[in-house]
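Next come the chains, spelled out residue by residue.
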Amino acid sequence: MKKLLLVFLVMAMCVSLCACSASIEKEKLVGIWSLEDGTNVISITFNDNNKFQCEYNGAKGEGSYGLFGGDVYLNFTSANPFGAEARSVFTYNGESITLDSISLEKSSIDKDHLVGIWSADKDSVNYSFTFTRDGKFTCKITEANGKAKNLSGSFEIKAVDNAVNLKYSSTKSNPFKSTSFSYDDGNLIIDEVTFVKK
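Small disclaimer: the values here were computed from a predicted structure and weren't measured.

### Some details on the confidence of the model for the protein
Reasoning step 1: Residues with a pLDDT of 70 or more make up 87% of the protein, whose mean pLDDT is 85.
Reasoning step 2: Confidence, expressed as mean pLDDT per element, reaches its minimum in the protein at helix α1 (residues 2–19) with 42 and its maximum at strand β10 (residues 125–131) with 97.
Reasoning step 3: Here residues 2–20 is a poorly scored stretch, pLDDT under 50, and it has zero contacts once near neighbours within four places are set aside; other chains count.

In structure tokens form, the structure reads like this:
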């Protein structure tokens, strides 16, 4: 009877521990998580291959990660900017991941959401950007008379300012003044031109 009671107590403890944090799957984790609060500028990018890169107030780190219930284990192969340990453990609570007093939220834009075709019209000209998973983009510019030209380059998502930085293959080919899209309310915006995902 005592053994049976002990088993029930252990099970109750496990349930209560599990209730403290939500479970997280890789699909939910992959992407960019960040914090900018006036004191700290932090971002962690989780990749599909269980690798991550992070930046903490200018200090950079990288390594591999593992998931266990609601915990995200970061195993650093470089210096750990979060402390002296080679490992840090973040806890997922359904909306953020937390380490001590540091709480990161997933950025509004990540590669999974960005990949695809985004289109906009300005002054009778259609601009169509296609972003691919390998960090490349193409831009098709179609004028009202049907004349078209294609541009290409690479892109980088910046978690801190929630922007998509563009690097054209030719520096003179950029049709806009800016080289960076901002992301706002589900749209990409550059030079006051709003792009909508098709």
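### A word on the sheet that holds strand β15 (residues 187–190)
Reasoning step 1: Strand order in this closed barrel of eight strands is β9-β10-β11-β12-β13-β14-β15-β16, and the pairing throughout is antiparallel. Taken over all neighbouring pairs, the strand axes of this sheet differ in orientation by 30° on average, direction set aside.
Reasoning step 2: Looking at chain direction, strand β13 (residues 163–168) and strand β14 (residues 180–184) are connected through three bridges and run antiparallel. In the sheet register, Asn-165 faces β14, and the bridge partner there is Ser-180.

### Considering the pairing of strand β4 (residues 59–68)
Reasoning step 1: As defined by bridge partners, strand β3 (residues 51–56) adjoins β4 across six bridges and the pair is classed as antiparallel. Note that in β4 the partner of Tyr-56 across the bridge is Ala-59.
Reasoning step 2: With antiparallel pairing between neighbouring strands as the criterion, β3 and β4 make up a hairpin whose turn holds two residues, including Asn-57 at a positive phi of roughly 50°.
Reasoning step 3: Alignment of β4 against strand β5 (residues 71–76), held across six bridges, turns out to be antiparallel. Counted as the bridge partner of Ser-64 is Asn-75 from β5.
Reasoning step 4: The turn joining β4 and β5, which pair antiparallel and follow one another in sequence, is formed by two residues; a positive phi near 65° is taken by Gly-69.

What counts, and at which threshold
- Residues numbered from 1 in each chain as written.
- Predicted model: local features only at pLDDT ≥ 70, side-chain atom pairs only at ≥ 80, totals over all residues.
- Heavy atoms only, no water.
- pLDDT = per-residue confidence, 0-100.
- Helix = DSSP H or I, 4+ residues; strand = E, 2+ residues; numbered from the N terminus.
- Contact = heavy atoms within 4.5 Å.
- Pairing = 2+ DSSP bridges.
- Axes fitted to C-alpha atoms, helices over the stretch in contact; angles between N-to-C directions.

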